[in-house]
There are 2 protein chains.
Amino acid sequence: MAEVLVVDDDLTVREVVVSYLRAGGHDVQEAGDGEAAIRAMRAKRADLVVLDLMLPGLDGLEVCRQLRESSDVPIIMLTALGAETDRLVGLRLGADDYVTKPFSPRELALRVDSVLRRVGQRTPKGSTVTDGDLVVEPGEHTATLAGTPLVLTVREFDLLRFLVANPREVWSREALLREVWGWSFGDQSTVTVHVRRLREKVEADPRRPARLVTVWGVGYRWEPR
Amino acid sequence: MAEVLVVDDDLTVREVVVSYLRAGGHDVQEAGDGEAAIRAMRAKRADLVVLDLMLPGLDGLEVCRQLRESSDVPIIMLTALGAETDRLVGLRLGADDYVTKPFSPRELALRVDSVLRRVGQRTPKGSTVTDGDLVVEPGEHTATLAGTPLVLTVREFDLLRFLVANPREVWSREALLREVWGWSFGDQSTVTVHVRRLREKVEADPRRPARLVTVWGVGYRWEPR
DNA sequence: GCGAGTGGTCACACTCTCGTAAGGATTGGC
DNA sequence: GCCAATCCTTACGAGAGTGTGACCACTCGC
């Protein structure tokens, strides 16, 4: 499915994580410290890196920065519980997600899939998504409705693309925060507001949504034509 | 808050754990060995299982594996101190977390809450359920009758899905409160009212129910086509 | 710096849902 | 046919969930 690099100095953690990711259909490489991680990435680019923050030698933040210099591979950070500062710094340095220790390997595997899904969609060569008279072109970052172009902000565009690409399915605000925003935390009202703004531009009658539909008590769903 | 199944052969341990979890607002079932645990889960699926590794008869690992075959209920393992191997195997078999004995019951309660929080973020989208011209799609949160979509509220939807997924069987109001509402107490007339509302939307002639049938003095039953 | 555009947060109003209660209708036993 | 138990029906208010508008922080180009 994807090539994942797991970086942790604890052999036990590594084994568990690796076996889980393998079971999930991924190819996995391992590294026990920062230098090994950098070397591994030079030798063979992974599609995603799971990176412990506490490492002997080069620590996780440093590894993260160095990786970011030469690639924008998605990175999931493993941080100690409650290390709020680490988390913030990690995200700022370019981590795509973080998981606090002690974590469940099942949870980590889910996060890995989620991040890969999200990143896979932001590749420039992403394919055009359409629904009736609506056309979304990720490559050109444009969307047209019945031929007339829509003026969308980046977030609105991402949200629209995600929903149109995954129609009929109900997405909770929380899931949308994960899938579109790439957050595993945050205020859900953010989603509400963006949905409203998007409706204003996409729906014929924003007061009575026909395509971006509310599922009461659950979330939102894109109703295809 | 949640339905927790505690599996341990030591009565003392069980009592302490149970009283702590109850104090934390959870409903708790108990099992003294592996067979009882499996039976308990068959009869009534819990939201989380606390599972001792050392059990008479079926041991914890075996129970874990069997549970995993039919469900992805979160599992917290109780292991002896330093049994690194056990922990590894446990995690690999699908445990979500582990606590080493001797443990403080308070810590265990915290772990339980933590795992429930994490898992709660996941959207467990069940599989499609059908009965004749009726199709229930949990992922899309839609139900269609002969092709035309039904407009159902969350409760109505949950109730319908449960009944269609468990046809022919008679369900008491009490059982439905447990299974669909997740309550272990409450006013049974709640069920009555929701059954009526559901009939209004699902039955051809709500006055003469043909599919969601009343079993007098017992409860309700879904009569499949 | 300055202004325009974007994005996240908040408060408030509104809508929808759900549980409850109360009275009427049915059922089954006698 | 009568009575008690059970079930159906209806209406309503509390509370949760959602929509809306406004505000402020931030970024980026000029």
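Residues numbered from 1 in each chain as written. Chains lettered and ligands numbered in written order. Predicted model: local features only at pLDDT ≥ 70, side-chain atom pairs only at ≥ 80, totals over all residues. Heavy atoms only, no water.

In the nomenclature of an unreviewed UniProt entry, chain A corresponds to DNA-binding response regulator from the organism Pedococcus bigeumensis.

## Re the overall build of chain A
As a reminder of what qualifies: Helix and strand labels come from DSSP, where a helix needs a run of H or I of at least four residues and a strand needs a run of E of at least two; each type is numbered from the N terminus. When a residue's accessible area, from a 1.4 Å probe over protein chains only, is under 20% of the maximum for its type it is buried; when over 50% it is exposed; and in between it is partly exposed. The contact definition used throughout considers only heavy atoms, calling two residues in contact when any of these lie within 4.5 Å. All accessible areas in this document rest on Shrake-Rupley with a 1.4 Å probe, and a residue is counted as covered only by the protein chains that are shown.
Within chain A one finds 8 helices and 12 strands. Per-residue burial for chain A yields a buried fraction of 51% across its 225 residues. Taking the intrachain contacts of chain A between residues at least 6 apart in sequence as the baseline, contacts between residues at least 24 apart amount to 54%. When the accessible surface of chain A is summed, it comes to about 10,700 Å², and 51% of that surface belongs to carbon and sulfur atoms.

## With respect to the protein's contact with DNA strand D
Rule in force here: Note on terminology: near, applied to a residue and a molecule or strand, indicates that one of the residue's heavy atoms is within 4 Å of it. Nitrogen and oxygen atoms within 3.5 Å of one another constitute a polar contact, given that in protein one can donate a hydrogen and the other can accept it, and given that sequence-neighbouring residues count only through two side-chain atoms. Note on residue categories: nonpolar means Ala, Val, Leu, Ile, Met, Phe, Trp, Tyr, Cys or Pro, charged means Asp, Glu, Lys or Arg, and polar means any other residue, Gly included.
Around DNA strand D sit 26 residues, and of these Arg199, Thr214 and Tyr220 of chain A together with Thr214 and Tyr220 of chain B come closest. Counting only the atoms of DNA strand D within 4 Å of the protein, the fraction contributed by sugar and phosphate is 63%. Here a phosphate oxygen of DNA strand D sits 2.8 Å away from a polar atom, N or O, in the side chain of Arg199 of chain A. Among the elements of the structure, helix H8 (189–202) and strand S11 (212–215) of chain A together with helix H8 (189–202) and strand S11 (212–215) of chain B are those that each provide at least two residues to the surface near DNA strand D. Its residues assigned to classes, the surface near DNA strand D comprises 10 nonpolar, 6 polar and 10 charged.

## Digging into the sheet that holds strand S9 (residues 148–150) of chain B
Residues and elements named next belong to chain B. Going by this rule: The rule for pairing is simple: two strands pair if DSSP sees at least two bridges between them. Axis lines are fitted through C-alpha atoms, for helices just across the contact stretch, and the angle between N-to-C directions can take any value from 0 to 180 degrees.
With antiparallel pairing, 4 strands are arranged side by side in an open sheet as S6-S7-S8-S9. Taken across any chain shown, the strands that pair with only one partner, and hence form the sheet edges, are strand S6 (129–131) and S9. With direction set aside, neighbouring strand axes in the sheet form an average angle of 20 degrees. Where strand S7 (residues 134–137) lies against strand S8 (residues 142–145), 4 bridges are found, and the strand directions are antiparallel. In the strand pairing of S8, Val136 is matched with Ala143. Of the strands in this sheet, S6, S7 and S8 touch helix H6 (residues 154–165), which is tilted by about 115 degrees from S7.

## Digging into the packing of H6 of chain B against helix H7 (residues 173–181) of chain B
All names here are of chain B. The condition is simple: Geometric relationships in this document are graded by angle, where less than 35 degrees denotes roughly parallel, more than 145 denotes roughly antiparallel, 65 to 115 denotes roughly perpendicular, and other angles denote oblique.
Relative orientation of the contacting elements H6 and H7 amounts to 110 degrees, with a least axis distance of 10 Å. By the angle class used here, H6 and H7 are roughly perpendicular. Contacts from Arg155, Asp158, Leu159, Phe162 and Leu163 of H6 reach H7 at Leu176, Glu179, Val180 and Trp181.

## With respect to the pattern of salt bridges
Residues and elements named next belong to chain A. Quick note on the threshold: In the sections that follow, a salt bridge refers to a side-chain nitrogen of Lys or Arg positioned within 4 Å of a carboxyl oxygen of Asp or Glu.
Taken as a whole, this structure holds 19 salt bridges over all chains when the rule is applied. The salt bridge involving Lys201 is made with Glu156; its shortest N-O contact spans 2.8 Å. Taken as a pair, Lys201 in helix H8 and Glu156 in helix H6 (residues 154–165) lie far apart in primary sequence, 45 residues in all. Salt bridges sharing common partners tie together Asp131, Asp133, Arg211 and Arg225.

## With respect to the protein's contact with DNA strand C
In the vicinity of DNA strand C, 22 residues are found, and the nearest of them are Thr153, Thr190 and Arg197 of chain A together with Thr153 and Arg197 of chain B. Protein-proximal atoms of DNA strand C, defined as those within 4 Å of the protein, fall in sugar or phosphate at a share of 67%. The contact in question runs from a phosphate oxygen of DNA strand C to an N or O atom on the side chain of Trp181 of chain A, over 3.3 Å. Contributing elements (two or more residues each) for the surface near DNA strand C: H6 and H8 of chain A together with H6 and H8 of chain B. Taken together, the residues of the surface near DNA strand C break down into 10 nonpolar, 6 polar and 6 charged.

## Topic: helix H7 (residues 173–181) of chain A
With 7 of 9 residues buried, H7 of chain A lies mostly within the body of the structure. Listed in full, the buried residues belonging to H7 of chain A are Ala175, Leu176, Leu177, Arg178, Glu179, Val180 and Trp181 of chain A.

## Topic: unusual backbone geometry
Note on backbone geometry: most residues besides glycine have negative phi, and most peptide bonds are trans. Unusually for a residue other than glycine, Arg168 of chain A sits at a positive phi of about 70 degrees. Classification of Arg168 of chain A by relative accessible area gives partly exposed; the value is 42%. The backbone of Ala146 of chain B shows a phi angle near 55 degrees, a positive value even though the residue is not glycine. As for its position among the elements, Ala146 of chain B is in the loop between S8 and S9.

## Side note on the packing of aromatic side chains
Residues and elements named next belong to chain A. Condition: A pair of Phe, Tyr and Trp rings is counted when the ring centres sit within 6.5 Å of each other, with Trp represented by its six-membered ring. The angle between the planes then sorts it: under 30 degrees is stacked, over 60 is edge-to-face, the rest tilted.
One pass over the full model with this rule turns up 2 aromatic pairs over all chains. Ring geometry for Phe162 against Trp171: centres 4.8 Å apart, planes inclined by 70 degrees, an arrangement best described as edge-to-face. Of the two residues examined, Phe162 and Trp171, each falls in the buried class.

## Brief notes about helix H2 (residues 34–43) of chain A
All names here are of chain A. The set of residues buried in H2 consists of Gly34, Ala36, Ala37, Ile38, Ala40 and Met41. Against the buried residues of H2 lie strand S1 (3–7), strand S2 (27–31), strand S3 (48–52) and helix H3 (60–70). At the N-terminal end of H2, a side-chain oxygen is found 3.2 Å from the backbone nitrogen of Glu35, two or three residues along, and the residue is Asp33.

## What to know about the side chain of His141 of chain B
Mapped onto the elements, His141 of chain B comes out in the loop between S7 and S8. Given the relative accessible area of 14%, His141 of chain B is considered buried.

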